[in-house]
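Fold and geometry: a report
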Amino acid sequence: ETGVTQTPRHLVMGMTNKKSLKCEQHLGHNAMYWYKQSAKKPLELMFVYNFKEQTENNSVPSRFSPECPNSSHLFLHLHTLQPEDSALYLCASSQEWGAYNEQFFGPGTRLTVL
Amino acid sequence: AQKITQTQPGMFVQEKEAVTLDCTYDTSDQSYGLFWYKQPSSGEMIFLIYQGSYDEQNATEGRYSLNFQKARKSANLVISASQLGDSAMYFCAMRERPNQFYFGTGTSLTVIP
């Protein structure tokens, strides 16, 4: 596999469910990101991991919990979500966070919260 | 205030013609980076082109060029010789030090045969 992969591609969950999104990058990058893309709104940066350490948490509610066990894998654990959390969740990676490196994105997980 | 403004929600262009997608940005930093991404209907964002704030030359990548006007804080994307495969959403983004990355709301481009 090459590039950035995300699973699942589609997820429907109830507000009381617990689920996890998975991201894997095969590019040898050191920084990974979670973004939320809602309709008609700019892409929102949620979390940044650089060399497995979380460097940014942009005021994301605690019902979203990221995990980065190594530089190649990134998870987003979801629990007690709200319908307004329905969106496309994009994972990205780049060489490192501190420089102006372009980010490479995965195909996203389309999340629907009922 | 919006960090990145893309005022064209939708654009149409004839195949083989050139098209300009507008982007203005807001920053008080001297050092920043500007990016353009393409998002086809499949969902993934594809990096197109990058311009650093200190770069004096406009960036070019194949059919893509970035018209960088620093004083006006604009970073328009020019696509030459449009192809049907160029139909997609296009996002302008800015990397500001130390720790932020902002995207615009995007422009939907449709290439007409």
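Look up: the structure comes first, before these words.
Quick summary incoming for the structure in this document. On a predicted model such as this, the values are computed, not experimentally measured, just so you know. (Residues numbered from 1 in each chain as written. Chains lettered and ligands numbered in written order. Predicted model: local features only at pLDDT ≥ 70, side-chain atom pairs only at ≥ 80, totals over all residues. Heavy atoms only, no water.)

Let's talk about the pairing of strand 6 (residues 46-52) of chain B
Residues and elements named next belong to chain B.
- One ladder, built from six bridges, connects strand 5 (residues 32-39) with strand 6; its direction is antiparallel. The residue of strand 6 that forms the bridge with Tyr 37 is Phe 47.
- Between the end of strand 5 and the start of strand 6, which pair antiparallel, lie six residues, with Gly 43 showing a positive phi angle near 110°. (Pairing = 2+ DSSP bridges. Helix = DSSP H or I, 4+ residues; strand = E, 2+ residues; numbered from the N terminus.)

Regarding the sheet that holds strand 3 (residues 18-25) of chain A
Residues and elements named next belong to chain A.
- Pairing is antiparallel in the open sheet, where four strands are placed in the order 1-3-8-7. Only two strands of the sheet have a single partner each, and these edge strands are strand 1 (4-7) and strand 7 (64-70). Adjacent strand axes in the sheet meet at a mean angle of 20°, parallel and antiparallel pairs treated alike.
- Looking at chain direction, strand 3 and strand 8 (residues 73-79) are connected through seven bridges and run antiparallel. Counted as the bridge partner of Cys 23 is Leu 74 from strand 8. (Axes fitted to C-alpha atoms, helices over the stretch in contact; angles between N-to-C directions.)

Points about the side chain of A:Thr5
Residues and elements named next belong to chain A.
- Considering the arrangement of structural elements, one finds Thr 5 in strand 1.
- Look at Thr 5 and you get buried, because its relative accessible area is 19%.
- Excluding its chain neighbours within four sequence positions, the residues that come into contact with Thr 5 are Lys 22, Cys 23, Glu 24, His 26 and Pro 107. (Buried < 20%, exposed > 50% of the residue type's maximum accessible area, 1.4 Å probe, protein only. Contact = heavy atoms within 4.5 Å.)

Focus: the layout of surface pockets
- Here the largest pocket is characterised by a volume of approximately 390 Å³.
- Looking at the largest pocket, it is lined by 21 residues, and the ones nearest its centre are A:Pro42, A:Leu43, A:Glu44, A:Leu45 and A:Asn58.
- Those elements giving two or more residues to the lining of the largest pocket turn out to be strand 5 (44-50) of chain A together with strand 11 (100-103) of chain B.
- The element best represented in the lining of the largest pocket is strand 11 of chain B, accounting for four residues.
- Its residues placed into classes, the lining of the largest pocket shows 12 nonpolar, four polar and five charged. (1 Å grid on protein atoms, 1.4 Å probe; cavity = no way out; pocket = protein on both sides within 12 Å on 5 of 7 lines; lining within 4 Å. Points joined across faces, edges and corners; volume = space filled by probe spheres on them. Nonpolar A, V, L, I, M, F, W, Y, C, P; charged D, E, K, R; others polar.)

What about the state of the cysteines?
- Overall, the coordinates contain two disulfides over all chains when judged by the stated rule.
- Here A:Cys23 is linked by a disulfide to A:Cys91, with a sulfur-sulfur distance of 1.9 Å. For the disulfide bridge between A:Cys23 and A:Cys91, the dihedral angle about the S-S bond is near -75°, and by the sign convention the bridge is left-handed. You can see A:Cys23 sitting in strand 3 and its partner A:Cys91 sitting in strand 9 (residues 87-94), a full 68 residues away along the chain. Residues A:Cys23 and A:Cys91 agree in their burial class; the two are buried.
- Each sulfur of the disulfide joining B:Cys23 and B:Cys92 lies 2.0 Å from the other. Judged by the sign of its S-S torsion, about -65°, the cystine formed by B:Cys23 and B:Cys92 is left-handed. One end of the pair, B:Cys23, is in the loop between strand 3 (19-21) and strand 4 (24-25); the other, B:Cys92, is in strand 10 (residues 88-96), with 69 residues separating them in the sequence.
- Since its relative accessible area comes to 0%, B:Cys92 is described here as buried.
- The closest cysteine sulfur to the non-disulfide-bonded A:Cys68 is located on A:Cys91, 9.1 Å from its own sulfur. (Disulfide = S-S within 2.5 Å.)

Some remarks on the packing of aromatic side chains
- Under the defined criterion, the tally for this structure stands at 14 aromatic pairs over all chains.
- For the pair B:Phe35 and B:Tyr50, a centre-to-centre distance of 4.9 Å together with 50° between the ring planes defines the contact as tilted. Of this pair, B:Phe35 sits in strand 5 while B:Tyr50 sits in strand 6, and the two are 15 residues apart along the sequence.
- Here B:Phe35 falls in the buried class, since its relative accessible area comes to 0%.
- The partly exposed category is assigned to B:Tyr50, whose relative accessible area is 24%.
- Ring plane angle 65° and centroid distance 5.9 Å describe the contact between B:Tyr37 and B:Phe47, whose orientation is recorded as edge-to-face. With B:Tyr37 in strand 5 and B:Phe47 in strand 6, this pair connects stretches of sequence that are 10 residues apart.
- A relative accessible area of 0% means that B:Tyr37 is categorised as buried.
- Owing to a relative accessible area of 22%, B:Phe47 belongs among the partly exposed residues under this scheme.
- Linked through ring pairs, A:Tyr33, A:Tyr35, A:Phe105, B:Phe35, B:Tyr37, B:Phe47, B:Tyr50, B:Phe101 and B:Phe103 together constitute an aromatic cluster. (Phe/Tyr/Trp six-rings, centres within 6.5 Å; stacked < 30°, edge-to-face > 60°.)

Fair warning: the whole summary comes from geometry, so function is off the table for now.
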